Amino acid sequence: MLTIRSFASIPGGTDLTALYRARVGDYPKFFKMDTACKLGFLLAEQLADAPRFEPREDRAVLMFSTCGSLCNDRHYEESVRDFPSPSLFVYTLPNIITGEIAIRNKYAGETSAYVLERFTPETFVALVEQAFQDGDTGSALCGWVDCRADDDFTAFAFLVERGGTGMEFNVENVYGTVSQ
Amino acid sequence: MKKVVCIGESILSPLGATPAENFAAVCRGESALRRYEGMFGVKEPFVASLMDRERWTAPGRTFFDSIVIEAARRAVEAAGIDPASPRTAFVLSTIKGNVEYIETQDVTLACSARRLAEAFGNPNPAVVVSNACISGLAALLQGRRILLGGGFDHVVVVGAEVQSRFIVTGFQSLKALSEAPCKPFDARRDGLNLGEAAAAVVLGFGDEGWELADGAVRNDANHISGPSRTGEGSYKALRHVLRNCSPDALAFVNVHGTSTLYNDEMESIAIDRAGLLDVPVNALKGVFGHTMGAAGVLESILSMHAVDAGVVLPTRGFSEPGVSRPVKVSATMGKTTKQAFVKLLSGFGGVNGALLFRKGGAGC
Amino acid sequence: MEQLVNEIKVKLIDALNLDGMTPEDIDDNAPLFGDEGLGLDSIDVLELIVLLERNYGIRLANPQEGKKVFQSVAVMADYVNANRTK
């Protein structure tokens, strides 16, 4: 059985730089990230458990959205008219958010990014459960980070584990947690 | 445990409109890589493998959506399944989809996935796997997981990518493109070429034919655009899929082989660490270019055809070894009697993936 | 020259999103890459190549060449001074 160890969310319109300064402060790469990656990074900072920064292969990072990297894609497309920006281009991939979280936390397990038409607990739970078919995956940081524009986003994430003592990771509990 | 097998395939590429046509073209040593000047309004010339847009664009659809749906249609037909059944799922693999229309249309990847499901009257939610350059491989693995998770009889996995100013200028800004046809694993390799293709596989349960036996995705946790210098994630993915399989059983490892300095070097280290220095290694990027979201599906299908024909496909563009480990790069067409292979890919975001395919009787 | 050094620092901070840094924080001769100094990486090199082209009309085709030019802000300024076309 999968259980929820913890949950984090970042309300739409949050000042991400202020949140970073309050909670983190020592990771200058944060300022190079696009908004979706900043959101994923900050969610992971809230969910990361001790001991931190020790390499582990049993932790997966699974990220879901509707917009993928579209918000940053628009910034890159603007740069193309002048000089195409390599540092914007590298963020035009929906899975870079999983890479940023993996790098920061030294999570060397599975990382996957999915694009769905909308958030539904049914699809979200099913895809996360399926990821646990990999026997090496003991826990997963999985979330919905949908960045429609730099100031318009939905962002929440769960730390889910095999066994554990939290409430069951199922459709009802995900729905209940997310709609609070 | 029930076996997940491939029951229908399709490939649309500049080299052909069926898997057989594409396989024959690869065997003949062909490639559609050519130099384009002014294409997509890109200032700098570039070498790429591009499809005939006019031929493949359906009325009222974008080129991308057209080849996605056409590749799916052909694979569904080959498999003889009911695509409208609620017990059939669709998984789309792409990185940039319709991004060329970013300024004028809704280009979210999920829109393309919905149109794919709608084209077949399928009621299930559209799922897009967008995991950088390993997307196609990850989508096949996802298809396997959906079946093993229960509730479905078939999964149609479609991988597709079309090129655009957006993508070409991006890779140019990263100085990642070669000005000549690429040379995977070669001493003179200096970058990749981009490519367009769509390929689809229908997965189902069965005892016959090609089994998608296992798969793994692992992250380097090192850098978002540079591969690990120690091949960490690629090695871990290989180690996972080969945990119950002897390297002796493998006909070959079909690698990513993008022909960038760092990727091919990294893969050679991962192959060495996984104990695969005696297994032939080949790459198809010199034939099709880097077809991004299509690559995992396209290259897996051609590898299945190669084993069926008892051959190890050549690595077009390779002549002189140029990686630090003595990997057995297959420069010319080889023969094999083995019945299993590994498909390997890596991508931005530090992501790496390996799939193990086998046929009845393979010793793993 | 001092003006050019300062100008490059301002553009560098902007182009590389070096948040919270001011030109005074960057030593003219400190290495830009590696563990000392600013600790920039391979994507930063590519972004600096764009910076040179956009602002000074200098085209660097090879990122390896960039590593020599981008040793420090002082080296960059000398290079810009000698090669600028605008």
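Residues numbered from 1 in each chain as written. Chains lettered and ligands numbered in written order. Predicted model: local features only at pLDDT ≥ 70, side-chain atom pairs only at ≥ 80, totals over all residues. Heavy atoms only, no water.

Undergrad: Help me understand the overall build of chain C in this model?
TA: When helices and strands are tallied, chain C shows four helices and zero strands. Sequence-ordered secondary structure for chain C, helices as α and strands as β, is α-α-α-α. For chain C, the C-alpha radius of gyration of 12 Å lies close to 12 Å, the compact-globule estimate for 86 residues. For the C-alpha atoms alone, the extent of chain C along its principal axes is close to 30 × 25 × 20 Å. When the 86 residues of chain C are sorted by exposure, 41% land in the buried category. Partitioning the intrachain contacts of chain C with sequence separation of at least 6 by distance along the chain shows that 53% fall at a separation of at least 24. (Helix = DSSP H or I, 4+ residues; strand = E, 2+ residues; numbered from the N terminus. Rg over C-alpha atoms; globule rule 2.2 N^0.38 Å. Buried < 20%, exposed > 50% of the residue type's maximum accessible area, 1.4 Å probe, protein only. Contact = heavy atoms within 4.5 Å.)

Undergrad: Would you mind going over the overall build of chain A with me for this structure?
TA: Of the regular secondary structure elements, chain A holds seven helices and five strands. What you see in chain A, going N to C, is helices and strands ordered as β-α-α-β-α-α-α-β-α-β-β-α. Rg of the C-alpha trace for chain A: 16 Å, near the compact-globule value of 16 Å for 180 residues, within the 12% margin. Of the contacts made within chain A by residues no fewer than 6 positions apart, 71% connect residues no fewer than 24 positions apart. For chain A, the exposed surface amounts to about 6600 Å²; the carbon and sulfur share of it is 50%. For chain A, the distance from the average position of its 16 positive side-chain charges to the average position of its 26 negative side-chain charges is 6 Å. (Areas by Shrake-Rupley, 256 points an atom, 1.4 Å probe, with all protein chains shown as cover. Lys, Arg positive; Asp, Glu negative; His and termini not counted. Charge placed at Lys NZ, Arg CZ, Asp CG, Glu CD.)

Undergrad: What's the story with the sheet that holds strand S2 (residues 34–36) of chain B in this structure? I'm lost.
TA: Adjacent strands of a sheet form backbone hydrogen bonds with each other and so pair up, either parallel or antiparallel. Residues and elements named next belong to chain B. With respect to topology, three strands assemble into an open sheet ordered S2-S3-S7, the strand pairing being mixed. Edge strands, defined here as strands with exactly one partner in the open sheet, are S2 and strand S7 (194–195). Both strand S3 (residues 46–49) and S7 contribute to a ladder of two bridges, which runs parallel. When the sheet's bridge partners are listed, Ala-48 is paired in S7 with Leu-194. (Pairing = 2+ DSSP bridges.)

Undergrad: Mind showing me how you'd approach the interface of chain B and chain A here?
TA: With 47 residues of chain B at the interface, the matching set in chain A holds 45 residues. Around 3900 Å² of area is buried between chain B and chain A when both sides are counted, 57% of it from carbon and sulfur atoms. When the buried surface of chain B facing chain A is broken down by residue, B:Arg145, B:Phe166 and B:Ile224 rank first, second and third, together holding 17% of it. Across the contact surface, chain B and chain A share nine salt bridges. For the salt bridge of B:Arg218 with A:Asp134, the shortest nitrogen-to-oxygen distance reads 2.9 Å. There are 25 residue pairs in polar contact (both at pLDDT 80 or more) connecting chain B and chain A. Contributions of two or more residues to the side of chain B that touches chain A are made by helix H4 (109–119), strand S5 (127–129), helix H5 (135–149), helix H6 (165–173), strand S9 (211–219) and helix H7 (232–241) of chain B. Examining the composition of the side of chain B that touches chain A, we find that seven residues originate from one element, H6(B), more than from any other. Of the residues assigned to the side of chain B that touches chain A, the class counts are 24 nonpolar, 14 polar and nine charged. With three bridges connecting them, strand S3 (residues 111–116) of chain A and S5(B) associate as antiparallel partners. (Buried area = accessible area lost by both parts, 1.4 Å probe. Salt bridge = Lys/Arg side-chain N within 4 Å of Asp/Glu carboxyl O. Polar contact = N/O pair within 3.5 Å; in protein donor to acceptor, adjacent residues only side chain to side chain. Nonpolar A, V, L, I, M, F, W, Y, C, P; charged D, E, K, R; others polar.)

Undergrad: What am I meant to see in the packing of aromatic side chains here?
TA: Geometry of an aromatic ring pair is reported as the spacing of the ring centres plus the angle between the planes. Inspection of every chain in the model, using the stated rule, returns 26 aromatic pairs over all chains. Between A:Phe89 and B:Phe166 the ring centres are 6.3 Å apart and the planes differ by 55 degrees, which places this aromatic pair in the tilted class. Highlighted residues: A:Phe89 in helix H4 (residues 86–89) and B:Phe166 in helix H6, drawn from two different chains. Each member of the pair, A:Phe89 as well as B:Phe166, is classed as buried. (Phe/Tyr/Trp six-rings, centres within 6.5 Å; stacked < 30°, edge-to-face > 60°.)

Undergrad: I keep staring at the pairing of strand S10 (residues 250–254) of chain B and nothing clicks. Help me out?
TA: Look at any regular strand and the pattern is simple: side chains alternate between the two faces of the sheet. Residues and elements named next belong to chain B. Of all five residues that make up S10, five are buried, and the element is covered over most of its length. Taken together, the two bridges between S10 and strand S11 (residues 280–282) define a ladder with parallel strand orientation. Paired with Val-253 across the bridge in S11 is Val-281. This β-α-β element, S10 to helix H8 (residues 261–273) to S11, shows right-handed connectivity. (Right-handed = clockwise from strand over helix to strand, strands pointing away.)

Undergrad: Just checking my understanding: could you explain the layout of surface pockets for this structure?
TA: Taken as a whole, the second largest pocket encloses approximately 1100 Å³ of empty space. Taken together, 47 residues make up the lining of the second largest pocket; nearest its centre are A:Lys32, A:Ser87, C:Leu16, C:Asn17 and C:Asp44. Of all the secondary-structure elements, those providing two or more residues to the lining of the second largest pocket are helix H2 (35–47), helix H3 (70–81), H4 and helix H5 (96–105) of chain A together with helix H1 (2–15) and helix H2 (42–56) of chain C. Looking at the lining of the second largest pocket, the element that brings in the most residues is H2(C), giving seven residues. Of the residues in the lining of the second largest pocket, the class split is 20 nonpolar, twelve polar and 15 charged. (1 Å grid on protein atoms, 1.4 Å probe; cavity = no way out; pocket = protein on both sides within 12 Å on 5 of 7 lines; lining within 4 Å. Points joined across faces, edges and corners; volume = space filled by probe spheres on them.)

Undergrad: Can you walk me through the side chain of B:Asn98 in this structure?
TA: All names here are of chain B. Residue position: Asn-98 is located in the loop between strand S4 (88–93) and H4. In terms of polar contacts, Asn-98 uses its side chain to reach the side chain of Thr-62, at 2.7 Å. In this structure the side chain of Asn-98 is engaged in a polar contact, spanning 3.1 Å, whose partner is the side chain of Asp-65. Contact partners of Asn-98, with chain neighbours within four places excluded, come to Thr-62, Phe-64, Asp-65, Val-107, Ser-112 and Arg-115.

Undergrad: Please clarify how helix H1 (residues 19–27) of chain B should be interpreted in this entry.
TA: Helical geometry: 3.6 residues make up each α-helical turn, so side chains three or four residues apart lie on a common side. Residue and element names in this part refer to chain B. When H1 is considered as a whole, its buried residues turn out to be Pro-19, Asn-22, Phe-23, Ala-25 and Val-26. Along H1, the residues classed as buried sweep out an arc of 160 degrees about the axis, all on the same side. Turning to H1, the residues buried within the fold contact strand S1 (4–12), helix H9 (285–288), helix H10 (295–308) and strand S12 (311–312). Gly-29, located one to two residues past H1, shows a positive phi value of around 80 degrees. (Arc of directions from axis to C-beta.)

Undergrad: Help me understand the interface of chain C and chain B, please; the structure alone is not making it clear to me.
TA: How big an interface is tends to be expressed through the accessible area that disappears when the partners come together. With nine residues of chain C at the contact, the number on the chain B side is six residues. A combined buried area of about 560 Å² lies between chain C and chain B, and 54% of that area is made up of carbon and sulfur atoms. For the chain C face of the interface with chain B, the top three residues by lost area are C:Ile43, C:Leu46 and C:Arg59, together amounting to 53%. For the pair chain C and chain B, the number of links is one salt bridge. For C:Arg59, the salt bridge identified is with B:Glu44, shortest N-O distance 3.2 Å.

Undergrad: I tried to follow the pairing of strand S2 (residues 59–65) of chain A on my own but got confused; where do I start?
TA: Residue and element names in this part refer to chain A. Of all seven residues making up S2, seven are buried, and the element is well covered by its neighbours. Direction of pairing for S2 relative to strand S4 (residues 139–149): parallel, over a ladder of six bridges. Across the sheet, Met-63 pairs through a bridge with Gly-143, a residue of S4. Two elements, S2 and S3, share five bridges in a ladder whose sense is parallel.

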